[in-house]
Amino acid sequence: MDALFGPFVEFEFMRRALVATLAMSLGATPIGCLLILRRMSLVGDAMAHAVLPGAAAGYLLAGMSLVAMSLGGLVAALLVVLASGVVSRRTPQREDASVAAFYIIALALGVLLVSLKGSPVDVMHLLFGSVLAVDDAALLQMALVATVTLLSLAVMYRPLLLESFDPGFLRSLQGPGAWAHMALMVLLVLNLVSAFQAMGTLMGVGLMMLPGLAARFWVAGLGAMFVLSAVIGVFAGGLGLLLSYHLELPSGPSVVLVCGGVYVLSVLFGRREGLLMRRPADRSS
């Protein structure tokens, strides 16, 4: 019992880290589930890279200021969303290809900006974060973004559901398909921006996507997928922090690797098409 609860009772930084992973699990994992249903899983990774140049610009202007880096990351990622959307609608190129092009440009620009006035340590902080160093301002930001995300999903649940499964049907009803897509992209960017202080731009997308990918092997409904992915995220956050504390490992990668372990177990033993749970005839096919 002391090994499980002692670090959180004794150390404030462990409690802060636990609250941070809880907020990210509640807000980010439903976004990951929607991206999975829309076959846009890699868009989350692309947007995580797109945050970097704006965060780097904020760092150059104001140092390690949460407000400056968050605003910069938000603007940069939204510009990538808008630019890729314009290219995909005005040219024959598909949206995933245009997102890939702009995120690579953004990543290179971000690394260049940080190198002008920073060090490799600064780049590593932006990419991987430090959940054990989260302060009150970062916790408040993550809680606010999680609240806005959950409220927005509650309001837009039906349009997002229809647009994810059958965008053509929603367009035939003259529904808000384009607005729903843009709202989802904005929520994605908000969650990535709020996560980069704690998990970094790269580790944050792991906590966003892996719980939903694992939940897909256990439940079918979108609502159930939301709930299970959040539970997996909270579990991975707690266990990952404990492992990082007792084994003296980096906290962010530990959390994401626990998510990865849950995903691998789900692939093998998930009751919905898990590899070892399928009938022999299905397995051979």
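Above this text sits the structure in question.
Since we're looking at a predicted model, the values are computed, not measured.

The rules behind these values
Residues numbered from 1 in each chain as written. Predicted model: local features only at pLDDT ≥ 70, side-chain atom pairs only at ≥ 80, totals over all residues. Heavy atoms only, no water. Helix = DSSP H or I, 4+ residues; strand = E, 2+ residues; numbered from the N terminus. Buried < 20%, exposed > 50% of the residue type's maximum accessible area, 1.4 Å probe, protein only. Phe/Tyr/Trp six-rings, centres within 6.5 Å; stacked < 30°, edge-to-face > 60°. Salt bridge = Lys/Arg side-chain N within 4 Å of Asp/Glu carboxyl O.

*Asks:* For unusual backbone geometry, give the residues involved together with the corresponding values.
*Replies:* Peptide bonds are trans in most cases, and residues, glycine excluded, mostly fall at negative phi. Within the chain, Glu 248 stands out as a residue other than glycine whose phi angle is a positive 55°. By the secondary structure assignment, Glu 248 is in the loop between helix H11 (222–247) and helix H12 (251–269). The class for Glu 248 is exposed, based on a relative accessible area of 73%. If you check the backbone angles, Glu 273 has positive phi at about 70° while not being a glycine. Along the chain, Glu 273 falls in the loop between H12 and helix H13 (280–284).

*Asks:* Can you lay out the packing of aromatic side chains for me, pointing to particular residues and giving the numbers?
*Replies:* Inspection of every chain in the model, using the stated rule, returns four aromatic pairs. A centroid spacing of 5.4 Å and a plane angle of 40° characterise the contact between Phe 11 and Phe 13, whose relative ring orientation is tilted. Residue class for Phe 13 comes out partly exposed when judged on its relative accessible area of 33%. An angle of 50° between the planes, with centres 5.7 Å apart, marks the rings of Phe 11 and Tyr 245 as tilted. Placement of Phe 11 in the loop between helix H1 (2–10) and helix H2 (12–37) and of Tyr 245 in helix H11 is noted, with a sequence separation of 234 residues between them. Here Phe 11 falls in the partly exposed class, since its relative accessible area comes to 24%.

*Asks:* I'd like to hear about the pattern of salt bridges, residue by residue, with values.
*Replies:* With the rule as written, the count across this model stands at two salt bridges. Among the salt bridges present, the one from Glu 12 reaches Arg 16, with a minimum N-O distance of 2.9 Å. In this pair, Glu 12 and Arg 16 are both assigned in helix H2, four residues apart and thus about one turn of the helix distant. Given the relative accessible area of 44%, Glu 12 is considered partly exposed. The salt bridge involving Asp 136 is made with Arg 16; its shortest N-O contact spans 2.4 Å. With Asp 136 in helix H7 (residues 136–165) and Arg 16 in helix H2, this residue pair connects regions lying 120 residues apart in the sequence. Taken together, the shared-partner salt bridges in this structure form one network comprising Glu 12, Arg 16 and Asp 136.

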